[in-house]
Amino acid sequence: MNDLDVLIVGAGISGIGAGYYLQNRCPGMRYAIVEARAALGGTWDLFRYPGIRSDSDLHTFGYAFKPWENEKAIAGADAILDYLRETARENGIDRKIRFHHKVVSAAWRSEDARWYVEVERTDTGERLTVRCRWIFSAAGYYRYDQGFRPRFEGEESFQGQIVHPQHWPEGLDYSGKRVVVIGSGATAVTLVPAMADKAAHVTMLQRTPTYILALPSRDPIANALRKLVGKRLAYSLTRRKNIFMQRMIWLYCQRRPESARRLIRKLNARQLPEGYPVDVHFNPPYNPWDQRLCVVPDGDLFKAIRAGTASMATGHIKRFTERGVLLESGEHLDADLIVTATGLNLQPFGGVPLTVDGRSVKLSDAVAFKGMMLSGVPNLAFAIGYTNSSWTLKIGLLCEHFCRLLNHMEQNRYDICCPEVRDPDMPRRPLLDFGAGYVKRSLHELPKQGADFPWLMSMSYAADAKLLRKGSVADPNLRFSSVRAKASKAAA
């Protein structure tokens, strides 16, 4: 921990992946992973609400180097955690993780081409400084200690319990209770059918409908291929199939939005009771994939609605009452428990303040280079995945390119690598071109992107695979330099 080549921040799915690529593509590189919490897994260890699962298939959400062998392609958090722990254990990555180590600040010094990272031990309060050549931020994109929770008028009068999914109480018993889940995203559509088995009734209360698509939790082709050609080849073939399918669905929604809207509505109507008001509860005012599509495995949400154990309510909240929630329409939703599945608070780079030679880095002034570095910030890489496909597909490609970059620097005896915007008049736009509320709330705090490569945040796996895996590491917008060369010159 005293003098590292790479310090990886975060031991979630991105950090573990980065560790694997580093030790396999850059043998000899000294690295460590610091994790503020007591366990690896990131999101999959943090969230404990009922039914938590992926909304991407694990053949693409999993690592390219580690086959997913579970029968279920859309899996729960326990199965995903087992997969991550096994990956870390098999590759010795778990021995590189320092738990209870929270990064407090990071300062770059050009004089010796090093980051000086202040770390706090969350278990003892001890402070230490880690010196490293590179930081790889795999800290995720949202605040782990705080979810987004708007205040509702009259909530202090509610006689029941109010819970946010990000802070789910251990042992919470909702058996026989009337539950209202406020929200329309992936968390809400997961919670409602998961709680409907025990609760007296669960109502999903949404201000605006979301596009919801039922998919089988098991991939019959993947499971059949595993028996025919073995797990590795089956995984590779299934991964390619699903990457292609994801891309085709996204392109169809982008190019023919009205047709996609009609198709999704038709599929939803088939899953719902006859005469159900589909256009009230399942007809968003925006086009498909303007926000992320919500997947319901095996149509579990629709099954709960058909069974009468769950229902939908669409409208604006006027206030909370002693017995539940009153809508502006006058409808009252009785509740013993209210779950505020109201979203996340974005926090890029774990909220760590950065300085470069004493100058504070203002993230909103920086531009993302190849979706993995920041203009004006040397030797710092970060992991942000796809918003229109499986997150990890992009992370794997970024890790590969990062390792190629490190090897290029070693071969040429470079110590410093810093992206620089050569055209000060280059058009800039928000980093994430995505309509989700949690993204819109935080755009002013995020770096920007440009209009063209390498300043464009690509959302195409095929294009990224070509550019990041095979494209040149050197770039006119990337400045390399060496303190070793200066030191040798001074000594001479």
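Residues numbered from 1 in each chain as written. Predicted model: local features only at pLDDT ≥ 70, side-chain atom pairs only at ≥ 80, totals over all residues. Heavy atoms only, no water.

Draft legend 1. Structural detail: the sheet that holds strand 15 (residues 332–334). Taken in spatial order, the 3 strands of this open sheet run 13-14-15, and their pairing is antiparallel. The open sheet is flanked by strand 13 (317–320) and strand 15, the only strands paired with a single partner. Direction aside, neighbouring strands of the sheet carry axes that sit 20 degrees apart on average. Where strand 13 meets strand 14 (residues 324–327), 3 bridges bridge the pair, whose relative direction is antiparallel. The residue bridging Phe320 from the neighbouring strand is Val325, located in strand 14. (Pairing = 2+ DSSP bridges. Helix = DSSP H or I, 4+ residues; strand = E, 2+ residues; numbered from the N terminus. Axes fitted to C-alpha atoms, helices over the stretch in contact; angles between N-to-C directions.)

Draft legend 2. Quick peek at unusual backbone geometry. Pro454 follows Phe453 through a cis peptide bond whose omega is 10 degrees. Positionally, Pro454 belongs in the loop between strand 24 (448–449) and helix 13 (461–469). In this structure, His100 is a non-glycine residue whose phi angle is positive, near 60 degrees. Mapped onto the secondary structure, His100 falls in the loop between strand 3 (97–99) and strand 4 (101–109).

Draft legend 3. Quick look at the packing of helix 7 (residues 231–255) against helix 8 (residues 257–271). Interaxial distance between helix 7 and helix 8 falls to 5 Å at its minimum, and their mutual angle equals 115 degrees. Contacts between helix 7 and helix 8 involve Tyr252, Cys253, Gln254 and Arg255 from the first element and Pro257, Ser259, Ala260 and Leu263 from the second. Among the residues making up the contact of helix 7 with helix 8, the classes are represented as 5 nonpolar, 2 polar and 1 charged. (Contact = heavy atoms within 4.5 Å. Nonpolar A, V, L, I, M, F, W, Y, C, P; charged D, E, K, R; others polar.)

Draft legend 4. Region of interest: a nonpolar patch on the surface. On the surface, Leu228, Val229, Leu233 and Leu237 cluster together into a nonpolar patch covering about 370 Å² of accessible area. Counting only elements with at least two residues in the nonpolar patch, the list comes to helix 6 (220–229) and helix 7. (Patch = residues over 30% accessible without salt bridge, like charges linked within 9 Å, V, L, I, M, F, W, Y side chains within 5 Å. Areas by Shrake-Rupley, 256 points an atom, 1.4 Å probe, with all protein chains shown as cover. Salt bridge = Lys/Arg side-chain N within 4 Å of Asp/Glu carboxyl O.)

Draft legend 5. The packing of aromatic side chains, seen in detail. The tally for this structure, following the rule as stated, stands at 23 aromatic pairs. Ring-pair connections join several aromatic residues into one group, and the members of that group are Tyr20, Tyr21, Tyr63, Phe65, Trp68 and Tyr83. A cation sits over an aromatic face here: Lys96 above Tyr31, 5.2 Å from the ring centre. Its end group placed over the ring of Tyr116, Arg109 keeps NZ or CZ at 3.9 Å from the ring centre. (Phe/Tyr/Trp six-rings, centres within 6.5 Å; stacked < 30°, edge-to-face > 60°. Lys NZ or Arg CZ within 6 Å of the ring centre and 35° of its normal.)

Draft legend 6. Focus on the sheet that holds strand 8 (residues 178–182). An order of 7-16-8-9-12 is seen for the 5 strands of this open sheet, with the pairing classed as parallel. Looking along the sheet, the strands with just one partner apiece sit at the ends: strand 7 (161–163) and strand 12 (310–314). Neighbouring strand axes in the sheet, compared pairwise and without regard to direction, differ in orientation by 20 degrees on average. For strand 9 (residues 201–206) and strand 12, the ladder comprises 5 bridges, and the chain directions are parallel. Bridged to Gln206 within strand 12 is Thr314. Sheet contacts for helix 5 (residues 186–196): strand 8, strand 9, strand 12 and strand 16 (337–340); angle to strand 9, the most-contacted strand, approximately 165 degrees.

The values are spatial; any link to function lies outside them.
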